[in-house]
Protein chains: 2
Amino acid sequence: MEGEQVKVLKYWASPFSLRVQIALDLKGIPYEYVEEDLLNNKSQLLLQSNPVHKTVPVLIHNSKNICESLIVLEYIDETWEGRGVSLLLKSPHQRALARFWAAFIDDKLGHSISGMYRCLEKELRKKATNETMNNIALLEEAFGTAFNGLKGNPFFGGECIGYLDIVLGGLVVWIQVVEAITGVTLIDPETTPLLHAWLHRFCRVDSVKKSLPQFEKLLTYGYLVQKKFPMLTYE
Amino acid sequence: MEGEQVKVLKYWASPFSLRVQIALDLKGIPYEYVEEDLLNNKSQLLLQSNPVHKTVPVLIHNSKNICESLIVLEYIDETWEGRGVSLLLKSPHQRALARFWAAFIDDKLGHSISGMYRCLEKELRKKATNETMNNIALLEEAFGTAFNGLKGNPFFGGECIGYLDIVLGGLVVWIQVVEAITGVTLIDPETTPLLHAWLHRFCRVDSVKKSLPQFEKLLTYGYLVQKKFPMLTYE
């Protein structure tokens, strides 16, 4: 670690850069962070270090740039393998399961949640809401079946939070914000008891608490996103 | 390996199941395959083993179901770690690069190529074509910069094909088919010399050749997809 440089280009409201912060904090890797002005003025450093997607997070480790949050999590786990907890479990099947649901969260759940509050047309918002309810139900079911009720553990990672906890956890305050904007309850003790209990355990973890965005601030930002970036289509 | 059961649910025209076949053949893992009737009659086995996405490929290893081609490739690499070549290189940075471009190929390139021939409106087809040209140019540039001209190696995997070769390679015949349908040249010796040379090397590899779909058959299928699954929007 001596002489290593670890820098994270981040944005306070990004669920994706939140993942990287939580993972580094959990592993106890010291890092410097650079807050990007994502909406108005992206830095030259951001444009140079992530020329393809031009977005956060970017992990700059010595002179290497690592982009895309799921890929950064794997990089952190592999680079600092012996340090702190492992993010991914050892079993190839457990790793595949965690990666499967992580991809599901990004490709399906994240997309449908965005549609719920950003689609201009009522019919599209309704479609996105139905899909979100279905996606949440699939996730709740996976808790019980694929993950076998977490086998009595508090987290997907076992005793401690791991890769999938961090991936889903990046979204928790956003889920609460979208619930507030739309008036639709997504996670509650009756219909999604496993997700609900997990969410509350996750938010109480020390290395998580200090990085979660503040709800009121994110709510204001959610209304801004809704206005500035409406979705015209939804598929 | 003794007593292991490895089964792949696949579809002959799927670039995603092609990846899994190539990886297993490369590693020398014996497997049984089940050809799915993806368009008309999905099997109960497929619906049960991939209830979330209901599509191929699924790797069934003993009683475990692994879905999503990129995740299956990692599973194969981790499960049969000592067997044959490694799909992913050892260095965390090289692994991150391979995963980054794999995600780019699936999220950006695959999507824009689909739009090129499946969008109903001319304006949308044009937009998708421009994006594809741009995506191909980014990939060509990455060959030279991020991958440093493959450092004199024939493949991303080094002397032998690896993870990223297989991910991109799953698409090669599809790229030729979309070129034929649209009349737009995507890969040629002048504008994309590195990709062009790589593509020809890739198609000559023994464990690849035997699995690639036949061009004329895939072209006929491409016209069918265009007719049956037109894209009404493109973003």
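Residues numbered from 1 in each chain as written. Chains lettered and ligands numbered in written order. Predicted model: local features only at pLDDT ≥ 70, side-chain atom pairs only at ≥ 80, totals over all residues. Heavy atoms only, no water.

### Side note on the UniProt feature "domain: GST N-terminal" (unreviewed entry) in chain A
Note the following rule: UniProt positions are given in the numbering used here, feature names are shortened, and annotations may be inferred rather than shown by experiment. Starting at the N terminus, helices and strands are each numbered in turn, a helix being any DSSP run of H or I of at least four residues and a strand any DSSP run of E of at least two.
Here the UniProt-annotated "domain: GST N-terminal" (unreviewed entry) positions come out as residues 4–84 of chain A. Segment residues 4–84 of chain A splits into 37% helix and 21% strand. End C-alpha atoms: 17 Å apart.

### A few points about the pattern of salt bridges
Convention followed: A pair is scored as a salt bridge if a Lys or Arg side-chain nitrogen falls within 4 Å of a carboxyl oxygen belonging to Asp or Glu. Only protein chains enter the accessibility calculation, which uses a 1.4 Å probe. A residue is then buried if its area is under 20% of the maximum for its type, exposed if over 50%, and partly exposed in between.
Under the criterion given, the structure shown has 18 salt bridges over all chains. The residue B:Arg19 makes a salt bridge to B:Asp106 at a minimum N-O spacing of 2.7 Å. Of this pair, B:Arg19 sits in helix H1 (residues 15–27) while B:Asp106 is found in helix H4 (residues 92–118), placing the two residues 87 residues apart along the sequence. Looking at B:Arg19, the relative accessible area reads 0%, which means it is buried. Bridged by salt links that share partners, the residues A:Glu74, A:Glu78, A:Arg95, A:Arg99, B:Glu74, B:Glu78, B:Arg95 and B:Arg99 form one connected network.

### What to know about the interface of chain B and chain A
What counts is decided by this rule: In what follows, a contact means two residues having at least one pair of non-hydrogen atoms within 4.5 Å. Contacts described as polar in this section are N or O atom pairs within 3.5 Å, which, within protein, must combine one atom able to donate a hydrogen with one able to accept it, while residues neighboring in sequence count only if both atoms come from side chains. Three classes are used, and their members are as follows: Ala, Val, Leu, Ile, Met, Phe, Trp, Tyr, Cys and Pro are nonpolar, Asp, Glu, Lys and Arg are charged, and the others, Gly among them, are polar.
If you look at the interface, chain B gives 25 residues, while chain A gives 25 residues. Linking chain B to chain A there are six salt bridges. Note that B:Arg99 is salt-bridged to A:Glu78, the shortest N-O span being 3.1 Å. For the pair chain B and chain A, the number of links is eight residue pairs in polar contact (both at pLDDT 80 or more). Mapped by element, the contributors of at least two residues to the side of chain B that touches chain A are strand E4 (64–67), helix H3 (69–79) and H4 of chain B. In terms of residues, the side of chain B that touches chain A owes the most to one element, H4(B), which gives nine residues. Counted by class, the side of chain B that touches chain A contains eleven nonpolar, six polar and eight charged residues.

### Some thoughts on the packing of aromatic side chains
In plain terms, the rule: Any two of the Phe, Tyr and Trp rings considered here, Trp counted by its six-membered ring, make a pair once their centres fall within 6.5 Å; the pair's planes then place it as stacked at under 30 degrees, edge-to-face at over 60, or tilted in between. The rule for a charge over a ring is simple: NZ of Lys or CZ of Arg within 6 Å of the ring centre, and within 35 degrees of the ring normal.
All chains considered together, the criterion is met by 24 aromatic pairs over all chains. Their ring planes at 20° and their centres at 5.1 Å tell us that B:Trp198 and B:Phe202 sit as a pair that is stacked. Taken together, the residues span about one helical turn, with B:Trp198 and B:Phe202 both in helix H8 (residues 193–203) at a distance of four residues. Linked through ring pairs, A:Tyr11, A:Trp12, A:Tyr117, A:Trp174 and A:Tyr221 together constitute an aromatic cluster. Here the guanidinium or amino end of A:Lys217 rests over the ring plane of A:Trp12, the centre of that ring lying 4.2 Å away.

### Some details on unusual backbone geometry
Backbone phi values are negative for most residues with the exception of glycine, while trans is the configuration of most peptide bonds. All names here are of chain A. Backbone torsion omega between Val 56 and Pro 57 reads -5°, so that peptide bond is classified as cis. On the secondary structure map, Pro 57 appears in the loop between helix H2 (44–49) and strand E3 (58–61). In this model, Lys 54 sits at a positive phi of 55°, which is unusual for a non-glycine residue. Inspection of the secondary structure puts Lys 54 in the loop between H2 and E3. In this structure, Lys 151 takes a positive phi of about 50° despite not being glycine. Take Lys 151: it is sitting in the loop between helix H5 (122–144) and helix H6 (163–169). Classification of Lys 151 by relative accessible area gives exposed; the value is 56%.

### Thoughts on the pairing of strand E3 (residues 58–61) of chain B
Residues and elements named next belong to chain B. Using the following cut-off: The pairing criterion for strands is at least two bridges between them, as found by DSSP.
Burial along E3 is two-sided: the face carrying Val 58 and Ile 60 and the face carrying Leu 59 and His 61 are both buried. In this structure, strand E1 (residues 6–10) lies alongside E3, joined through four bridges in antiparallel fashion. Paired with Lys 7 across the strands is Ile 60, a residue of E3. Examined bridge by bridge, E3 and E4 share four bridges and lie antiparallel to one another. If you follow Ile 60 over to E4, its bridge partner there is Asn 65.

### As for the domain arrangement of chain A
All names here are of chain A. Applicable threshold: Domain start and stop points were drawn from an automatic or database domain assignment. Note on terms: buried area is the combined drop in 1.4 Å-probe accessible area of two parts once they are placed together, counting the loss on both.
Structurally, chain A comprises domain 1 (6–79) and domain 2 (92–228). A separation of 21 Å is found between the C-alpha centroids of domain 1 and domain 2. Taken together, the contact pairs 17 residues of domain 1 with 25 residues of domain 2. For the pairing of domain 1 and domain 2, the buried interface totals around 1,900 Å² over both sides, and the portion due to carbon and sulfur atoms is 66%. Counting the surface domain 1 buries against domain 2, the share from its top three residues, Trp 12, Arg 19 and Ile 22, is 32%. Connecting domain 1 to domain 2 are three salt bridges.

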